[in-house]
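# Report on the structure
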Amino acid sequence: MGKGKLERFAQNATFEHVVQPTFAELINTGFALKGKWNSDFFHREAPLVLELGCGKGEYTTGLAQLYPERNYIGVDIKGARIWRGAATAKEKGLTNVGFLRTHVDHLLRVFGPHEISEIWLTFSDPQIGKDRKKLTSPLFQARYKEVLEPGGLINLKTDSPELYGYTLEQIAEHKLPLFEKSDDVYGELVPRSTPEFQAVMNIRTFYEQMWLGEGKKIHYCRFGLG
Ligand SMILES: C[S@@+](CC[C@H](N)C(=O)[O-])C[C@H]1O[C@@H](n2cnc3c(N)ncnc32)[C@H](O)[C@@H]1O
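What counts, and where the lines are drawn
- Residues numbered from 1 in each chain as written.
- Predicted model: local features only at pLDDT ≥ 70, side-chain atom pairs only at ≥ 80, totals over all residues.
- Buried ≥ 20, exposed ≤ 12 C-beta atoms within 10 Å, placed from the backbone.
- Helix = DSSP H or I, 4+ residues; strand = E, 2+ residues; numbered from the N terminus.
- Pairing = 2+ DSSP bridges.
- Right-handed = clockwise from strand over helix to strand, strands pointing away.
- Expected span 1.5 Å × (residues − 1).
- Arc of directions from axis to C-beta.

Regular strands show a simple pattern: their side chains alternate between the two faces of the sheet. For strand E2 (residues 48–52), the buried fraction is high: five of the five residues fall into the buried class. Residues of E2 alternate between two faces, with Leu-48, Leu-50 and Leu-52 on one and Val-49 and Glu-51 on the opposite face, all of them buried. Strand direction decides the pairing type here: E2 and strand E3 (residues 71–76), joined by five bridges, are parallel. Bridge pairing in E3 places Val-49 opposite Tyr-72. Taken together, E2, helix H4 (residues 58–66) and E3 constitute a β-α-β crossover, and its handedness is right-handed.

Here we take up helix H8 (residues 161–173). Between its first and last C-alpha, H8 extends 18 Å over 13 residues, near the 18 Å set by a 1.5 Å rise per residue. Turning to H8, its buried residues number three or more, namely Leu-163, Tyr-164, Thr-167 and Ile-171. Seen along its axis, H8 keeps its buried residues to an arc of 100 degrees; they face one direction. Within H8, the exposed residues directed more than 90 degrees away from the buried face are Glu-169, Ala-172 and Glu-173. Count one or two residues on from H8 and you reach Lys-175, which has phi positive near 50 degrees.

Right, here's the structure in full:
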């Protein structure tokens, strides 16, 4: 039987790899791990990778297993979902995984300048009709540029033709470097890619499995901010 929400919240509070900053920390006193995730949380220097809106953290934990030499942080506002990822990381003994429960709008309060090497956006809410809120909008691009190291990468995996099309338009409009693009990950990208990249693409999130069950195509692009 699944755990209740209250039980998950209580367990999150006991997990050393789950960080839940208070509003006061974010707004008044400053968040202690900002700019210090590698030194003070992971206790090792390694490329730091984020999954924003990670849900149950399938990419965070999946990539952490494929690339143990990198550090991974899953960010989501919902504690019960983060609990699943945190429990998976614990069950698998992953020491290169953390989860941060916060709103994505706090990105610049929780990460320091150029602290991040790569960002994953996995099945983000497409925010139909609300371009400013899309996680690939110019507002978010500007935030990512502050936290990403030069040459840092953004990966978008989505079922949404709207979010995918909007992101490709942004890439074209701002002349951003586009490193990979597929309208149909499993029909086109996975068959032609390397085994290593296939393993990355074959990680399937909770939402992705739902959309695949409905016969939807999955879209992917990987780009930089110039
Ligand atoms: C459609 S779900 C995708 C979850 C997961 N990536 C997956 O593919 O299964 C979107 C996720 O974004 C999170 N989310 C939505 N708005 C957020 C915000 N402002 N800050 C942080 N997380 C947010 C939700 O809690 C949810 O887990």
